[in-house]
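Working through the structure, step by step
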Amino acid sequence: MGASEYDRQASFRIRGSNWLCRLLIGVVVAVAASCATSPTGEKAEGLQTENVIIVVIDGIRYSETWGAVPGIIPNMSTDLLRKGTLCRNFRNDGYTYTNSGHAAITTGVNQPIDNYGDELPANPSMFQQWLKQKGRPATAAWIISSKDKLDILGNTLRPDWKDQFVPSLNCGVSGPGSGYRADSLTLVEVMKVLATHRPNLLLINFMEPDGYAHAGNWDYYLRGIARSDRYVKQLWDFLEKDAHYKGRTTLLVTTDHGRHLDSVKNGWIDHGDDCKGCQHISLLALGPDFRRDAIVETEYTLVDISATVSRMLDFEMDSTVLVPRVDTVVVDLAMDTTLTALPKDSIRLEVKMDTTVRKGNVMKDLFSRKALKQMGL
């Protein structure tokens, strides 16, 4: 797809003012640093995983995917599931729109965040923390996204981390403000990066299901899901055949948020609240350390991804984090709507910055008995 003007007209603009957030972050960052401890416990010695790739299929609803298998995801629900584990009680229990959902994955923190791409996450990403601790070059960690605005995931507002250890970025047509890129072209870029740079840590965003849903095009929304299913299969087939990645790579396939239930507001076209349709998502985990042909009923959430990845790749995420707290919210339209421009005062926030203890947990139920023993779990 070309430029994303419809998204720029429609994405939620958080009106807590970025300057206030930056000021508050500067005040509390010293406290956060002084309280930081190692949250990962014992190291994951002996695991086979050396590389982790996270695929985010943007804005797919459970009822059209894992709630109707094999349906339009036959590759994931049959062949790939036999090789991995499905967490079907997976949730976004925070803010169910694009930038916040992705930031929950990469930072392990649920935070309200400007959805235009004008605000960086409050906390450093797992990419930054991994690059620093492992002493690796930026080309060892990548964010490759069909949505240009997800360029924000590589950096943070925190003064002690801002502009440091930033991963390599390939977002949208040619970076922030360049518009959305077709998912097929994003897959091409992914394959180039894998073949050329051999990254150990990678996040991929496929945006077409979300984009077409916001445009009110049901058929193309379903087509976007079906295409994403094929792209995931192509990616896994490559990883299984490539000498560098075979037998040493974990693939996590999830989404940032679902969509409204048909009975909520304007249904599948939008998202952004705490209805079951928006919160109930899924996670498919494939790799040498996971169970095979298994379904997990334990509830996990997006913030558990970074905790799990850090344990697998043997690095630490700060245990003390910053969380913007929203005191007042007035919402007239759902997040990311593309049918009409938002009125100026569609959302009003009063934001304060708190320090809290990281809440993400290692998703133990995904792992094989051997892996759990090696991790001391």
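Look up: the structure comes first, before these words.
All of the points below concern the structure found in this document. Fair warning: this is a prediction, and the values are worked out from it, not measured in the lab.

**Details of the overall build of the chain**
What the chain contains, in helices and strands, is eleven helices and eleven strands. In the chain, the share of contacts with a sequence separation of at least 24, taken over all contacts with a separation of at least 6, comes to 80%. With an accessible surface of roughly 14000 Å², the chain has 51% of that area assigned to carbon and sulfur atoms.

**Concerning empty space enclosed by the protein**
Taken as a whole, this structure holds one cavity of 30 Å³ or more when the rule is applied. Of the voids in this model, the largest cavity is the one considered here, and its volume is about 50 Å³. Every residue lining the largest cavity is listed: I57, I60, W66, M76, V253, T254, T255, S282 and L284. Of the residues in the lining of the largest cavity, the class split is six nonpolar, three polar and no charged.

**Observations concerning unusual backbone geometry**
A cis geometry characterises the amide bond from V69 onward to P70, with omega recorded as 0°. Mapped onto the elements, P70 comes out in the loop between strand 1 (51-57) and helix 3 (74-82). At R198, a residue that is not glycine, the phi angle is positive and equals roughly 50°. Mapped onto the fold, R198 is located in the loop between helix 6 (183-197) and strand 5 (201-206). For D314, which is not glycine, the phi dihedral falls at a positive 65°. If you trace the backbone, D314 turns up in the loop between helix 10 (303-312) and strand 10 (320-326).

**Details of helix 10**
Among the ten residues in helix 10, ten count as buried, and that is most of the element. Every buried residue of helix 10 is listed here: V303, D304, I305, S306, A307, T308, V309, S310, R311 and M312.

**Considerations on the pairing of strand 1**
Strand 1 sits mainly inside the fold: seven of its seven residues count as buried. Bridge count between strand 1 and strand 6 (residues 249-254): six bridges; the pairing is parallel. Each residue of the ladder has a partner; that of I54, found in strand 6, is L252. In this sheet, strand 5 lies alongside strand 1 in parallel orientation, the contact comprising six bridges. Counterpart to I54 in the pairing with strand 5 is L203.

**Some remarks on the packing of helix 6 against helix 8 (residues 218-241)**
Helix packing for two helices is described by the angle between their axes and how far apart those axes are. Following both chains from N to C, one finds helix 6 and helix 8 inclined at 10°, their axes separated by 11 Å at the closest point. What the angle tells us is that helix 6 and helix 8 run roughly parallel. The residues of helix 8 that touch helix 6, namely those facing D183, S184, L187, V190, M191 and L194, are S228, Y231, Q234, L235, F238 and L239. In terms of residue class, the contact of helix 6 with helix 8 is made up of eight nonpolar, three polar and one charged.

**Looking at the packing of aromatic side chains**
If you walk through the whole model with that rule in mind, you get seven aromatic pairs. A ring pair is formed by W218 and Y221, whose centres lie 5.5 Å apart and whose planes are at 50°; its orientation type is tilted. Taken together, the residues span about one helical turn, with W218 and Y221 both in helix 8 at a distance of three residues. For Y221, a relative accessible area of 0% gives the class buried. Within the aromatic cluster, the residues linked to one another by ring pairs are W218, Y221 and W268. Over the face of the ring belonging to W161 we find K132, whose NZ or CZ atom lies 4.9 Å from the ring centre.

**Concerning the environment of G108**
Of note, G108 is situated in the loop between helix 4 (98-107) and helix 5 (126-134). A relative accessible area of 6% means that G108 is categorised as buried. For the pair G108 and R358, spaced 250 residues apart in sequence, the C-alpha to C-alpha distance is 7.4 Å. Not counting chain neighbours up to four residues away, the residues in contact with G108 comprise A103, V303, S306 and R358.

**Considerations on helix 5**
Residues spaced three or four apart along an α-helix point in a common direction, a consequence of the helix completing one turn every 3.6 residues. Within helix 5 the residues assigned to the buried category are M126, F127, Q128, Q129, W130 and L131. Tucked into the core, helix 5 has its buried residues touching strand 1, helix 4, strand 3 (141-145), strand 5 and helix 10. Immediately downstream of helix 5, the backbone of G135 shows phi near 65°, a positive value.

**Notes on the nonpolar core**
In this structure, I54, F90, L252, I305, V309, L366 and F367 are the most contacted members of the largest nonpolar core, which totals 48 residues. Each residue touching I305, except ones within four places of it in the same chain, is listed here: I54, F90, I105, L252, T254 and M363. Core analysis: the second largest hydrophobic core is formed by 36 residues, L81, W142, W268 and L286 among them.

**Some thoughts on the environment of S125**
Assignment of secondary structure puts S125 in the loop between helix 4 and helix 5. Measuring from C-alpha to C-alpha, the distance between S125 and F165 comes to 9.7 Å, with 40 residues separating the pair along the chain. Apart from the residues lying within four places of it in its own chain, the contact partners of S125 are T106, T107 and L153.

**Some words on the side chain of H257**
Within the fold, H257 resides in the loop between strand 6 and helix 9 (276-279). Residue H257 is classed as buried on the basis of its relative accessible area of 0%. Engagement of the side chain of H257 in a polar contact is seen with the side chain of D256, the distance being 3.4 Å. At 3.4 Å, the side chain of H257 and the side chain of H271 are in polar contact.

Reading the values: the criteria
In every chain, residue numbers begin from 1 and rise along the written sequence. Totals for whole chains, interfaces and linings use every residue, but because this is a predicted model, local features are given only for residues with pLDDT of at least 70 and side-chain atom pairs only at 80 or more, for both listing and counting. Hydrogens and waters are ignored; side-chain quantities use all the structure's heavy atoms. Put simply, DSSP marks the helices as runs of H or I at least four residues long and the strands as runs of E at least two long, and each gets a number from the N terminus on. We call two residues in contact whenever any of their non-hydrogen atoms come within 4.5 Å of each other. Residue exposure ignores everything except the shown protein chains as possible cover, and the areas themselves are Shrake-Rupley values with a 1.4 Å probe. Two kinds of site are reported from a 1 Å grid over the protein atoms alone, namely cavities, where a 1.4 Å probe fits but cannot get out, and pockets, open sets with protein on both sides within 12 Å along at least five of seven lines, and residues are called lining when an atom falls within 4 Å of a point. Grid points are joined across faces, edges and corners, and a volume is the space filled by probe spheres set on the points. Polar here means any residue other than Ala, Val, Leu, Ile, Met, Phe, Trp, Tyr, Cys and Pro, which are nonpolar, and Asp, Glu, Lys and Arg, which are charged; Gly is therefore polar. Partly exposed residues are those whose accessible area sits between 20% and 50% of the maximum for their type, while under 20% is buried and over 50% is exposed, using a 1.4 Å probe and protein chains only. Note on pairing: DSSP must find at least two bridges between two strands before they are called paired. Axis definition: a line fit to C-alpha positions, over the contact stretch in the case of helices; interaxial angles, taken between N-to-C directions, run 0 to 180 degrees. When describing relative orientation, an angle under 35 degrees is termed roughly parallel and one over 145 degrees roughly antiparallel, while 65 to 115 degrees is termed roughly perpendicular and anything else oblique. A pair of aromatic rings is counted whenever rings of Phe, Tyr or Trp (Trp by its six-membered ring) have centres within 6.5 Å, and the orientation is called stacked for planes under 30 degrees apart, edge-to-face for over 60 and tilted otherwise. Two conditions define a charge located above a ring, namely a distance within 6 Å from the ring centre to NZ of Lys or CZ of Arg, and an angle within 35 degrees of the ring normal. To form a nonpolar core, buried Ala, Val, Leu, Ile, Met, Phe, Trp, Tyr and Cys residues must be joined to one another through side-chain atoms within 4.5 Å. Polar contacts here mean pairs of N or O atoms no more than 3.5 Å apart (in protein, one a potential hydrogen donor and the other a potential acceptor; neighbouring residues in sequence count only if both atoms are side-chain atoms).

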